[in-house]
Amino acid sequence: MSNITIRQVSRQFGANTALKQVDLEVREGEFFSLLGPSGCGKTTLLNIIAGFLEPSTGEVLIGGREVTDLPPYKRDIGMVFQNYALFPHLSVFENVAYGLKIRKLPKAEIRKRVEESLASVRLEEFAKRMPHQLSGGQQQRVAIARALAIQPRVLLLDEPLSNLDAKLRKEMQTELRSLQQSVGITTVLVTHDQEEALTLSDRIGILGNGELQQLGSPMEVYRRPANRFVAEFIGQVNLFEARKAPSGGEVPAGTISYLTDKYRLSSEQPLALIAAGIPELEGKESVLFMLRPERVQLSLERNLQETNQAELCVTDVSYAGNSLRIAGTLPGGGELIVQAPDPSFSVLPEPGQIFYARWAPEDLIPLV
Amino acid sequence: MAKTIKMKRRNLFSWILLTPSLLFMGIFLILPFLLLLVLSFRDVDGMMTMLPTYSLAQYKEVFTSDIYLRTISSTLWVALLTTAICLVMAYPAAYLLVRSPSKGVRTLFYILLVSPLLTSVVIRTFAWIVILAQNGLVNEVLLKLHIISQPLSLLWNMNAVIIAYVQVMLPFAVLPIATSLGEITPNLRQASMSLGAGRLRTFLKVTLPLTIPGMISGSVIVFSLAAGSYITPLLVGGRLQPLLPLSIYQQVMQISNLPLGAAMSLTLLVFVAIVVAVLGWILKRWEGRMNG
């Protein structure tokens, strides 16, 4: 078990910069996810940790030991690949035993460790099979058993579940998480699936354009994204570019009023946004606000007490089973996306229908 | 009902498409083979005139004469040796071909590899005469460097035959191995290294076993070509080398004992077929193990 320290790591491919001075600390025993869109440098960073790529500058430490110049086979890592990478000419048993044979363990010990590893992924019955005789999910479990059998210092997972179908992926997520918890191994998962990263991780590092955009717990990165990139990548958002309203208007206590020009009411007046008066907003003239679609409520009647209210003409409705996604426009322009839990409407809204959308001041999150 | 008619029509269409090649194969491969088979059982008199009787006399001669038995074994031995040398030499070349980072370099290697096949075997073999002859390139250089005082006789022996064979047949070994190497997922090597295997062990335990199909395909081609070649051994080895194709030529063209020539041809064919069948069986077993 070890922590991983990434110090000022950069990597160039010709003229392209894949990673720009990334600093990162993966804590001992934690499940850490590197999340980002394709081409953001997350796989490059994982390959640098594994030793398949050398960083152009910077250093990598595993368990406090500098490994920057060590080849992968001296780093004591367990790795699981997207395509499973099982050796097709070796049986399941031989695959799992591969790393143990290299470590020259006695035969009886190898047998014991292989059986334990296979049992931990519930595949003890499959030891004699060849990889091609297994399903995708079983192959990936063998790959995990093989990586864990050598009792590595860290476990590196390169999009391990993205070749599986949705239902199996969910099952494997749960299994992977509980296995990681029981072994207590420091784990780095690379994924482009934000839901997977949110469900599995203790902490998430979001990479974009080769830079670390935010580092935090799943709740932090979802609720308080550090910037526009993170907000747009994790979940859906409504974004408002707003400027401070000239003082004088009536504003509830503890709130600040902003105007957003892209969203206009039927009177062509800019939509007013009432945000909670948090310290980050102090002295800010123009702010980018984020509003999660599930924070918006719809009603047929205008609610007289509520601040942050706008008339919304429905343009598109899509039903996703557990939720309902409604897109609509304000009378004077500006699109708003709303997500409602399934039974909110007995009859699905239809395009052209008029609703009133409202949200609380605290749900307007400034992206600084 | 309509469906069966449609199926029948489609079947008929495939047969029509196959007809030209089937006819060609039948007339120029199967028929001559059958004629050869019949011929090999004919008896001849002392003047090599064919008699109307049939017997196993020709085969008896092939399998009881010391000279022919020695010829058979040395033919197979030379083919085996050529195959082994080709495999060893082809592997690094195939590696280079597959692993060279830039596409331009790869294309260049492919052209270099395949270009000898564009010239005739005769010309390529003649080049070896220029290189290995008494007053050839190798001897001249060694003499000028005072390493030897008498020219070495490098030509007209089995070594020259093997050298020329290897050069002529190397591309046929490189290409299947390169194909096999190219099909290996790079992740497998990474997985091996992440499990603690160094480069050499990764090569021996992962890369090498996974290129067995390519090596077998290459061996089949090289072995059959080396066992059956006539021109190359004639030009660099001379007509007296104990090689079956040379003996067959001698029987047919010089001694005019056609039935004995036919029996020797079929003997050679059977031996090559046995080797190819064994290699094919190994290949099938291996691929079955990997892919079901």
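Refer to the preceding data block for the structure.
Notes on the structure in this doc start here. (Residues numbered from 1 in each chain as written. Chains lettered and ligands numbered in written order. Predicted model: local features only at pLDDT ≥ 70, side-chain atom pairs only at ≥ 80, totals over all residues.)

### Some words on the interface of chain B and chain A
Piece 1. Contacts between the two partners involve 19 residues from chain B and, on the opposite side, 21 residues from chain A.
Piece 2. If you list the elements that add at least two residues to the side of chain B that touches chain A, you get helix H8 (186-194), helix H9 (199-210) and helix H13 (258-291) of chain B.
Piece 3. Ranked by residue count, the leading element in the side of chain B that touches chain A is H8(B), at 6 residues.
Piece 4. Taken together, the residues of the side of chain B that touches chain A sort by class into 9 nonpolar, 8 polar and 2 charged. (Contact = placed C-beta atoms within 7 Å. Helix = DSSP H or I, 4+ residues; strand = E, 2+ residues; numbered from the N terminus. Nonpolar A, V, L, I, M, F, W, Y, C, P; charged D, E, K, R; others polar.)

### Some thoughts on the packing of helix H3 (residues 66-99) of chain B against helix H10 (residues 212-228) of chain B
All names here are of chain B.
Piece 1. Running from N to C, H3 and H10 cross one another at 140°; their axes reach a closest spacing of 8 Å. Between H3 and H10, the crossing angle belongs to the class labelled oblique. Taken as a pair, H3 and H10 cross one another with a handedness that is right-handed. Residues Thr75, Leu76, Val78, Ala79, Thr82, Thr83, Cys86, Leu87 and Ala90 of H3 lie in contact with H10, whose contacting residues are Met215, Gly218, Ser219, Val222, Phe223, Ala226 and Ala227. (Axes fitted to C-alpha atoms, helices over the stretch in contact; angles between N-to-C directions. Parallel < 35°, antiparallel > 145°, perpendicular 65-115°, else oblique. Left-handed = near helix turned anticlockwise from the far one by under 90°.)

### Remarks on the packing of H10(B) against H13(B)
Geometrically, a packed helix pair is captured by the angle between its two axes and the distance between the axes.
Residue and element names in this part refer to chain B.
Piece 1. Put simply, H10 and H13 touch, their axes get as near as 10 Å, and they point 175° apart. Looking at the two axes, H10 sits roughly antiparallel to H13. In contact with Ile212, Pro213, Ile216, Ser219, Val220, Phe223, Ser224, Ala227 and Gly228 of H10, H13 contributes Leu268, Val272, Val275, Val276, Leu279, Ile282, Leu283, Trp286 and Glu287.
Piece 2. For the contact of H10 with H13, a count of residues per class yields 14 nonpolar, 3 polar and 1 charged.

### A look at the sheet that holds strand S8 (residues 186-191) of chain A
Residues and elements named next belong to chain A.
Piece 1. Strand order in the open sheet formed by 6 strands is S6-S7-S8-S3-S9-S10, and the pairing between neighbours is mixed. Looking along the sheet, the strands with just one partner apiece sit at the ends: strand S6 (77-80) and strand S10 (211-216). Along the sheet, successive strands turn relative to each other by an average axial angle of 20°, direction set aside.
Piece 2. As paired strands, S6 and strand S7 (residues 154-158) are joined by 4 bridges and run parallel to one another. Counterpart to Gly78 in the pairing with S7 is Leu155. (Pairing = 2+ DSSP bridges.)

### Considerations on the nonpolar core
Piece 1. With 104 residues, the main nonpolar core has A:Ile49, A:Ala143, A:Ala145, A:Leu156, A:Val188, A:Leu273 and A:Phe289 as its most contacted residues.
Piece 2. Among the elements that take part in this core, helix H4 (residues 136-149) of chain A stands out by supplying 7 residues, more than any other.
Piece 3. Residues within four places of A:Ala143 in sequence aside, it is in contact with A:Val80, A:Phe81, A:Tyr84, A:Ala85 and A:Leu86.
Piece 4. Core analysis: the second largest hydrophobic core is formed by 48 residues, B:Val78, B:Ala173, B:Ala178 and B:Leu268 among them. (Core = buried A, V, L, I, M, F, W, Y, C linked by C-beta atoms within 7 Å. Buried ≥ 20, exposed ≤ 12 C-beta atoms within 10 Å, placed from the backbone.)

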